[in-house]
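Each chain, written out:
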Amino acid sequence: MAGRYQAYPKYMDSGLTWLGKLPEHWGVKRLGQFFEERREKVSDKDYSPLSVTMQGIVPQLENAAKTDAGDNRKLVLKNDFVINSRSDRKGSSGVSKLDGSVSLISIVMTPKAINPSYVHHLLRSYPFQEEFYRYGKGIVADLWSTNSSEMKNILMPDIPEEAQGEIADFLDHETAKIDTLIEKQQQLIKLLKEKRQAVISHAVTKGLNPNAPMRDSGVEWLGEVPEHWSTIPLKLVVRTRKGVAFKSVDFCDIGIRVVKASDIKQKTIRSTDVFLPEKFVYEYPKALLNSGDIILSTVGSNPDVKNSAVGQIGMVPEELTGSLLNQNTVVFGPDENKVLRKYLFYILQMVGYRDHLDLHAHGTANQSSLSISDMLNFSICFPPIEEQREICTYLRKQQQKLSDLELRSGDSENLLRERRTALISAAVTGKIDVRNWIAPEPLNNNKKEVA
């Protein structure tokens, strides 16, 4: 923060690692002197359930874990500060703008003689979060809880009421600006992902020659294709083999790695730490995976559910060569005299094909599955091998350009998040002096032009 913002004229040593040096006219007091704990238990029928998230306190999220303790929750009133006491939820906290109820695992504190907006920034700052969980206790090295009595003993800045408001106003304004920039980067990344899919879909259905004569493919989801392309059922150009239904009792902590359907997400395969004894390699040779194998999951969440696992596709990376493939998956092995492996992979990941899969998925409300025989009967249009090679080369270059742009946008987003964290930490611990900061006047777009 040095350079852009001015420091206070004089500092003193707070004697606390998490605060460091503080402005000379600030003091320190125990947190319990600024807050009263709220322990009242209520029902979520009377007080709507809230979620304690890294973005603050919000109405209960759809994907939040639901419990049977609906009548045994903690009351939260507007301006209460709520923090999740578990270390695996570090950063999940905030001042609530709503009345409601939270899980008993959360600590609820009512501010007294302290500005709630300042509290929201101070107690959500990175230094405080680290200090809060440092007070925790537990028997697991990476999972422990901090209780309210320990929290009350944490020493925090004692600053003039006017300064609290100044810091809160400054951070409200500056973090909102940063959040807007972060959102723009996220939108750009989303557009780049959509562009990636559009480039693939166009290349593998229309080819690279915009002047090529076209014909009706005879396949509804493909539409028109170059007239010299062949329409062929998948079963004539690929061989398939299914994953094996290994018994969970056979899984172990070391041995041959296992790839499950749930490991295939967003066109990548990342195996979790599940293994089988080495003897299974000899007992199930058809389940062995090779680098470049194309795997598709045949069972997963309902197609209407976002990020459904059904129909997820990935290509086996080098590091998973020799792994064993678990059930609810299928390997597509192309006849490379008719279709290149990489070209097939592009076809199977395109949006039109995936939408077609979803239409043919069947099952219960919570789980859907795909029939391999149905998939093999789907017809696909293929250009000659040499044209496939040209399309693959083109797509590889285009995907690399888009990946580079995505990476740069991701780096920009990370830098903005780091700046946001640093700015909050600097302001609430007095490393920068914002007393003379004045909020910029909003642009008046309604001003009449002078003739």
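As shown above, the structure is provided for reference.
All values derive from a computational prediction rather than experimental measurement. Counting starts from 1 at the beginning of each chain's written sequence and moves along it residue by residue. For a predicted model such as this one, the threshold for reporting local features is a pLDDT of at least 70, and the threshold for listing and counting side-chain atom pairs is 80 or more; totals across whole chains, interfaces and linings nevertheless cover every residue. Side-chain numbers here rest on the full set of heavy atoms in the structure, without hydrogens or water.

J.: Summarise the overall build of the protein chain; cite the residues concerned and give the values.
T.: Only runs of H or I of at least four residues qualify as helices and only runs of E of at least two qualify as strands under DSSP, and these elements are numbered from the N terminus. Scanning the protein chain for helices and strands turns up nine helices and 31 strands. Taken over C-alpha atoms, the radius of gyration comes to 29 Å for the protein chain, far larger than the 22 Å a tight globule of 451 residues would show. Considering only C-alpha atoms, the protein chain reaches an extent of 80 × 75 × 45 Å along its principal axes. Looking at the protein chain as a whole, 44% of its 451 residues are labelled buried. Within the protein chain, contacts between residues separated by at least 24 positions form 75% of all contacts whose residues are at least 6 apart in sequence. We get accessible surface area from the Shrake-Rupley algorithm with a probe of 1.4 Å; when it comes to residues, only the shown protein chains can shield them. When the accessible surface of the protein chain is totalled, it reaches about 24,700 Å², and 50% of it is carbon and sulfur. We compute the radius of gyration from the C-alpha atoms alone; for a globule the expected value is 2.2 Å times N to the 0.38, where N is the number of residues. Any residue under 20% of the maximum accessible area for its type is buried, any over 50% is exposed, and the rest in between are partly exposed; the area is computed with a 1.4 Å probe on protein chains only. The contact rule is simple, with two residues in contact once any of their heavy atoms fall within 4.5 Å.

J.: Quick one: what's the story with the pattern of salt bridges, residue by residue and with numbers?
T.: Salt-bridge detection follows one rule: a side-chain nitrogen of Lys or Arg within 4 Å of a carboxyl oxygen of Asp or Glu. Across all of its chains, the model carries 20 salt bridges by this definition. Across the pair D158 and K29 runs a salt bridge whose closest N-O atoms are separated by 3.7 Å. Of the two residues, D158 sits in strand β15 (residues 155–158) while K29 sits in strand β3 (residues 27–30), which places them 129 residues apart along the sequence. According to the relative accessible area criterion, K29 is partly exposed, its value standing at 33%. The partner of R39 in a salt bridge is E37, and the shortest N-O contact between them spans 3.2 Å. A single network of salt bridges, built from pairs that share partners, joins E37, R39 and K152.

J.: Hey, could you go over the sheet that holds strand β27 (residues 324–325) for me, with residue numbers and the actual values?
T.: Taken together, three strands build an open sheet; the order of strands is β23-β20-β27 and the sheet is mixed. The open sheet has two edge strands, β23 (275–276) and β27, and neither has a second partner. By the convention used here, strands pair only if DSSP detects at least 2 bridges between them. One ladder, built from two bridges, connects strand β20 (residues 256–259) with β27; its direction is parallel. Its bridge partner lying in β27, V259 is registered against L325.

J.: Give a detailed account of the packing of aromatic side chains, specifying residues and quantitative values.
T.: Pairing of aromatic side chains requires ring centres within 6.5 Å, counting the rings of Phe and Tyr and the six-membered ring of Trp. Pairs whose planes differ by under 30 degrees are stacked, by over 60 edge-to-face, and all others tilted. Overall, the coordinates contain 13 aromatic pairs when judged by the stated rule. Ring centres of F132 and Y133 lie 4.7 Å apart, and the angle between their planes is 80 degrees; this geometry places the pair in the edge-to-face category. Accessibility classification places F132 together with Y133 in one group, the buried group. Aromatic pair F246 and Y284: ring centres 5.2 Å apart, planes at 90 degrees, arrangement edge-to-face.

J.: Now, about the sheet that holds strand β12 (residues 106–111): what can you tell me, with residues and values included?
T.: Taking strand neighbours across the sheet as the criterion, the four strands line up as β4-β12-β9-β10 in an open arrangement whose pairing is antiparallel. In this open sheet, the two strands that pair with only one neighbour each are β4 (35–37) and β10 (93–95). Strand after strand, the sheet turns through a mean of 25 degrees between neighbouring axes, direction not considered. Both β4 and β12 contribute to a ladder of three bridges, which runs antiparallel. Structural elements are reduced to axes, namely lines fitted to C-alpha atoms, with helices fitted over the stretch in contact, and the angle between N-to-C directions of any two is expressed from 0 to 180 degrees.

J.: Any details on the side chain of T146? Residues and values, ideally.
T.: Along the polypeptide, T146 turns up in the loop between β14 (143–145) and α3 (148–152). Residue classification places T146 among the buried residues on the basis of a relative accessible area of 1%. The residues contacting T146, other than those within four sequence positions of it, are S85, I107, F132, Y133, Y135, G136 and M151.

J.: Could you give an account of helix α7 (residues 351–360), with specific residues and numbers?
T.: Within α7, burial applies to Y353, H356 and L357. Down the axis of α7, the buried set is contained in an arc of 105 degrees. They therefore lie on one face. Where α7 is buried, its residues touch β24 (294–297), α6 (341–349), α8 (372–377) and β31 (379–382). It is the directions from the helix axis to the C-beta atoms that the arc portrays.

J.: Which residues make up the packing of α6 against helix α9 (residues 385–428), and what values go with them?
T.: Direction vectors running N to C along α6 and α9 enclose 60 degrees, while the axes themselves pass 9 Å from each other. Seen from above, α6 lies across α9 with left-handed handedness. Where α6 abuts α9, its residues K342, Y343 and Y346 lie against Q388, I391, C392, L395, R396 and Q399. Gly is put with the polar residues, along with every residue not named as nonpolar or charged; the nonpolar set is Ala, Val, Leu, Ile, Met, Phe, Trp, Tyr, Cys and Pro, and the charged set is Asp, Glu, Lys and Arg. Split by residue class, the contact of α6 with α9 holds five nonpolar, two polar and two charged. Handedness of a crossing follows from how the near helix is turned relative to the far one, being left-handed for an anticlockwise turn of less than a right angle and right-handed for a clockwise one.

J.: So what about the environment of G410? Which residues, and what values?
T.: Within the secondary structure, G410 is located in helix α9. For G410, a relative accessible area of 18% corresponds to the buried category.

J.: Please provide a residue-by-residue account of the state of the cysteines, values included.
T.: Disulfides are defined in this document as cysteine sulfur pairs within 2.5 Å. If you walk through the whole model with that rule in mind, you get zero disulfides. Here C381 stays free of any disulfide, with the sulfur of C392 as its closest cysteine sulfur at 16 Å. By relative accessible area, which is 10% here, C392 ends up buried.

J.: Residue-level account of the environment of S368, with values.
T.: By the secondary structure assignment, S368 is in strand β30 (residues 367–369). On the basis of relative accessible area, S368 is assigned to the buried category, the value being 4%. Taking the C-alpha atoms as reference, S368 lies 58 Å from V28; in sequence the two are 340 residues apart.

J.: Run through unusual backbone geometry, naming residues and quoting values.
T.: If you check the backbone angles, A113 has positive phi at about 55 degrees while not being a glycine. Looking at the secondary structure, you find A113 in the loop between β12 and α1 (116–122). Positive phi outside glycine occurs at Q266, with the angle close to 50 degrees. Relative to the helices and strands, Q266 resides in the loop between β21 (264–265) and β22 (268–269).

J.: Account for the packing of helix α4 (residues 161–206) against α9, naming residues and giving values.
T.: It is at 10 Å that the axes of α4 and α9 come closest, and there the two elements cross at 170 degrees. Judged by the inter-axis angle, α4 sits roughly antiparallel to α9. Residue composition of the contact of α4 with α9, by class: 23 nonpolar, nine polar and 10 charged. Orientation categories follow fixed angle ranges, with anything under 35 degrees roughly parallel, anything over 145 roughly antiparallel, 65 to 115 roughly perpendicular, and all other angles oblique.

That is the geometry; function is a separate question.
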